[in-house]
Amino acid sequence: MILFDEAKQVFHLNTPGTSYVIGIHDEGLLLNLYYGKRLPDHDLWHLSRRMRCASFSPCDPVLAPTGFSVDVAPMEYPTNGRGDFRVSAVAAKNRDGNTVTDLRYQSYRIFAGKPDLPGLPHLYVTNDAQCDTLEITLCDPYTNLTAVLVYSVFKDCDVITKYVRFVNHGTHPLKLCRAMSSCLDLPSMDYDLITLYGRHVKERQFVRRPLAHGLQGVRSVRGSSSHAQNPFAALAQTGATETTGNVYGFNLVYSGNFEITGEVDFGPTTRMVMGICGTDFLWNLQPGESFTTPEAVHVFSDRGLGGMSRIFHRAYSDHLIRGRWQYEKRPLLINSWEAAYFDFDTDKLIAFARQAKELGIELLVMDDGWFGKRNDDTTSLGDWFINTDKLDLGRLVDAVHELGLKFGIWFEPEMISPDSDLYRAHPDWCVHVPGRVPSLARQQYVIDVSREDVRDNIFGQIRAILDNYEIDYLKWDFNRNLSEAGSALLDADRAQEFFHRFVLGTYDLQNRLTNTYPDLLLENCSGGGGRFDPGMLYYSPQIWTSDNTDPIERLMIQFGTSLCYPASTMGAHVSACDRTGYETKGNVALWGTFGYELDPCKLDEQTKATVKQQVAEYHRYYDLIHTGDLYRLICPWDNPFCCAWSFVSRDQNETLVTLVCMRHEEQVLFHLKLQGLDPEKRYQLEGTDEIYSGALLMYAGVDVSERADRDGDSLKLHFTAIG
Ligand code: DGJ
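Worth saying up front: this structure is predicted, and the values here are computed from it rather than measured.

## Side note on the pattern of salt bridges
Line of reasoning, step 1. Applying the stated criterion across every chain yields a total of 45 salt bridges.
Line of reasoning, step 2. Residues Arg324 and Asp519 are paired through a salt bridge, measuring 3.6 Å at the closest nitrogen-oxygen approach. Within this pair, whereas Arg324 is found in the loop between α1 (304-319) and β21 (333-335), its partner Asp519 is found in the loop between α7 (498-516) and β27 (521-524), the two being separated by 195 residues in sequence.
Line of reasoning, step 3. A residue is classified by how much of its surface remains accessible, and Asp519, at 48% relative accessible area, is partly exposed.
Line of reasoning, step 4. Residue Asp508 is joined to Arg512 by a salt bridge in which the shortest nitrogen-to-oxygen separation is 3.1 Å. Taken together, the residues span about one helical turn, with Asp508 and Arg512 both in helix α7 at a distance of four residues.
Line of reasoning, step 5. The class of Asp508 is partly exposed, set by a relative accessible area of 25%.

## Quick look at the site of the ligand
Line of reasoning, step 1. In the region of the ligand, 13 residues are neighbours, and Asp367, Asp368, Asp477, Gly528 and Asp547 sit closest.
Line of reasoning, step 2. Contact between the ligand and Trp410: an oxygen atom at 3.1 Å from a side-chain N or O atom of the residue.
Line of reasoning, step 3. Contact between the ligand and Lys475: an oxygen atom at 2.7 Å from a side-chain N or O atom of the residue.
Line of reasoning, step 4. Across the complex, the protein chains shield 97% of the 290 Å² of accessible surface that the ligand would expose by itself.
Line of reasoning, step 5. Of the residues in the shell around the ligand, the class split is four nonpolar, three polar and six charged.

## Quick look at the domain arrangement of the chain
Line of reasoning, step 1. Taken domain by domain, the chain comprises domain 1 (2-319), domain 2 (330-627) and domain 3 (631-722).
Line of reasoning, step 2. Taking the mean C-alpha position of each, domain 1 and domain 2 sit 34 Å from one another.
Line of reasoning, step 3. In total, domain 1 and domain 2 occlude about 3700 Å² of area from one another, counting both sides; carbon and sulfur atoms represent 54% of this.
Line of reasoning, step 4. In terms of surface lost to domain 2, no three residues of domain 1 exceed Arg204, Ser255 and Trp283, which account for 17% of the buried area on that side.
Line of reasoning, step 5. Its salt-bridge partner being Lys175, residue Asp493 comes within 3.2 Å of it at the nearest N-O pair.
Line of reasoning, step 6. Inspection of the region where domain 1 meets domain 2 yields 29 residue pairs in polar contact (both at pLDDT 80 or more).
Line of reasoning, step 7. Here the element with the most residues in the side of domain 1 that touches domain 2 is α1; it accounts for six residues.
Line of reasoning, step 8. Looking at the side of domain 1 that touches domain 2 residue by residue, the classes come out as 20 nonpolar, 19 polar and seven charged.

## A closer look at the nonpolar core
Line of reasoning, step 1. Counting 191 residues, the largest nonpolar core has Phe166, Leu176 and Trp370 as its most contacted members.
Line of reasoning, step 2. For this core, the leading source of residues is strand β8 (residues 145-154), giving eight residues.
Line of reasoning, step 3. Ignoring anything within four residues of it in the chain, the contact list for Leu176 reads Val90, Ala91, Ala92, Leu145, Phe166, Phe281, Leu282, Trp283, Leu285 and Phe291.
Line of reasoning, step 4. In terms of nonpolar packing, the next biggest core, distinct from the first, is built from 23 residues, Val657, Leu672, Leu685 and Leu697 among them.

## Some details on a negative patch on the surface
Line of reasoning, step 1. Residues Glu665, Glu666, Asp703, Glu706 and Asp709 make up a contiguous surface patch of negative charge.
Line of reasoning, step 2. Along the chain, Asp703 falls in strand β37 (residues 702-703).
Line of reasoning, step 3. Look at Asp703 and you get partly exposed, because its relative accessible area is 38%.

## Some details on the packing of helix α3 (residues 346-359) against helix α11 (residues 605-627)
Line of reasoning, step 1. Between α3 and α11, the shortest axis-to-axis distance is 9 Å and the interhelical angle comes to 65°. Residues Gln355, Glu358 and Leu359 of α3 form the contact with α11, whose participating residues are Lys608, Val611, Lys612 and Val615.
Line of reasoning, step 2. Across the contact of α3 with α11, the residue classes tally to three nonpolar, one polar and three charged.

## Thoughts on the packing of aromatic side chains
Line of reasoning, step 1. The full count for this structure, using the stated rule, is 40 aromatic pairs.
Line of reasoning, step 2. Each ring, one from Tyr507 and one from Tyr539, has its centre 5.4 Å from the other, and the planes form 25°; the classification is stacked. Residue Tyr507 is located in helix α7, and its partner Tyr539 is located in the loop between α8 (534-537) and β28 (542-544); the two are separated by 32 residues in the primary sequence.
Line of reasoning, step 3. Their ring planes at 90° and their centres at 5.1 Å tell us that Tyr538 and Tyr539 sit as a pair that is edge-to-face.
Line of reasoning, step 4. Assessed through its relative accessible area of 7%, Tyr539 is described here as buried.
Line of reasoning, step 5. Taken together, the ring pairs in this structure connect Tyr20, Tyr35, Tyr151, Tyr191, Tyr248 and Phe300 into an aromatic cluster.
Line of reasoning, step 6. The ring of Phe478 has Arg531 sitting right over it, with the charged end atom 4.1 Å from the ring centre.
Line of reasoning, step 7. The ring of Trp544 has Arg554 lying over it, and the distance from NZ or CZ to the ring centre is 4.9 Å.

About the criteria used
Residues numbered from 1 in each chain as written. Predicted model: local features only at pLDDT ≥ 70, side-chain atom pairs only at ≥ 80, totals over all residues. Heavy atoms only, no water. Salt bridge = Lys/Arg side-chain N within 4 Å of Asp/Glu carboxyl O. Helix = DSSP H or I, 4+ residues; strand = E, 2+ residues; numbered from the N terminus. Buried < 20%, exposed > 50% of the residue type's maximum accessible area, 1.4 Å probe, protein only. Near = heavy atom within 4 Å. Polar contact = N/O pair within 3.5 Å; in protein donor to acceptor, adjacent residues only side chain to side chain. Areas by Shrake-Rupley, 256 points an atom, 1.4 Å probe, with all protein chains shown as cover. Nonpolar A, V, L, I, M, F, W, Y, C, P; charged D, E, K, R; others polar. Domains from an automatic or database assignment. Buried area = accessible area lost by both parts, 1.4 Å probe. Core = buried A, V, L, I, M, F, W, Y, C linked by side-chain atoms within 4.5 Å. Contact = heavy atoms within 4.5 Å. Patch = residues over 30% accessible without salt bridge, like charges linked within 9 Å, V, L, I, M, F, W, Y side chains within 5 Å. Lys, Arg positive; Asp, Glu negative; His and termini not counted. Charge placed at Lys NZ, Arg CZ, Asp CG, Glu CD. Axes fitted to C-alpha atoms, helices over the stretch in contact; angles between N-to-C directions. Phe/Tyr/Trp six-rings, centres within 6.5 Å; stacked < 30°, edge-to-face > 60°. Lys NZ or Arg CZ within 6 Å of the ring centre and 35° of its normal.

Written as structure tokens, this is what we have:
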């Protein structure tokens, strides 16, 4: 619900549990008056008393007598060079060569529903009653640059999305040097900043640090959102825990260079801006042209980090993931990569499929190595035609389907090998800048998908495969970061538009793919989880979480990923790695989109029996895990010895609890407290006659002292409400 109080000049944006209040101050300056737990009040102007100038703070001359200064005010969309010295949301270079920017209120519009963002992924609604949208138009009186701030307020979850549409209404060209998607100014610094850092095989590691005066935050300049930092951050009130305290969650629906920058100033106030990274970004706006930023997602919870995560999970499950596989049960897969790497042929894969069928697996994915002359990673990216020396794809696909399995294939569409027919024919199609030899990573270059002709070629090649063979699933990989980032088609003036144009090119390709093949199950991947972001989730309902399939190391990765991404999106497979037994490998992989990453023909009889049991459990718990609520009961960043999580059905009639002993610690008594149950209901522990109230399970806990007491052990407890 969005209200505008004309008399007070205040916008009130309400989700079921939160309020976001924006005020129009004198001289058309837009202020952020409040964001947090839902308020009944409209008049929050008394909160502006502290917005007085400090010494040295510049003032708008009209406002000078009142002592107001943008230097200390909570600005809704702060501009560069007009006296607010904190990190700005926007800076536009004008015809005079300076970047002083000033945006003043002009008008507003409130309507039901949520508009699409052209060419960009975004949260959506299926009918207009699910959400209201507010557009506030600001204008720079000198340049006539307008910024339309677009807020969508959801009615079924505590989510507010924001983005900005710029239009150059002036008569002179402008250059956007900085164009953030959102800004939030909070009136204190009593928060910890939580972010997710990582690297290949160690994605999304949890890090929490108290805010300090000055700048802090995360960014990527790698061309993709990256393994190194995720476009997610949270501000947790000092002392907030998994279950208690106020937490703000921030996530950018974008897969390229981003920044989430926090600044604590002398107030002390905290500013958080999020958007496309300001480094290497410069966008030309000719008169009449427009530019739309990616969408930022804002969540507030007064129920700790767990509360924040569950809001993200439901919002993404219902308003971000799309298409046939949004709610339809996904097939349980086996992937050839760790089983065979490049060493396979038609018969070997048919043998995999035959054995997989016997185990109950539903989809065979043929990974890297089926095209061009690709027998190792030095060659052939870009040559997306079948390597007939190695493979009879028609016979393979038919055999797999005859067995009753689905068939999946691997592509890496944004890459090109120097040793490929495509590169030899079009050397200028690789991402490069004049005068510099492009760097190699994994022996490959990046192909310039900012170009339409390149996209047409790549999509044409993909179509030639998908139109001629019955392909049910596609894994889309991306195995290097961008360097010497430029396009042969962009002149010097537009060179710094490249990074964003590249991301738009990727989105266009994935859009073409999902529109042309609506039944295809798409799984994104980037050397594991190097592009695990909401932008990618708009196109693919699942993403390969990490190349690290060690179940113990996976715990930290999956716990971190779960801060904002739901279980139904996390590719999680059992592999042959022998750090723990198969039971724990299965229990950890069950958290995500379950599958296998091993040679099924090499399993002994006992392991095959375990796999069959896991397959049965996958079916049994599918709905609970994919639609239930996740509770992180013991997090690995809090406890190095053991961790635990649970899924609770939305009707609170069922919960599946998993506990993993990472490193055994002698402990005489260990009561695991559950969460999310109905305290009034009575629950029976499966396989026993033990019955407990929800209250007891949550407040006193269940005794697990002797149930998982060796390194790598794990257990599952399944409770069902009775009566
Ligand atoms: C990286 C992916 O994460 C792996 O699963 C596999 O697909 C390889 N690329 C293939 O090159």
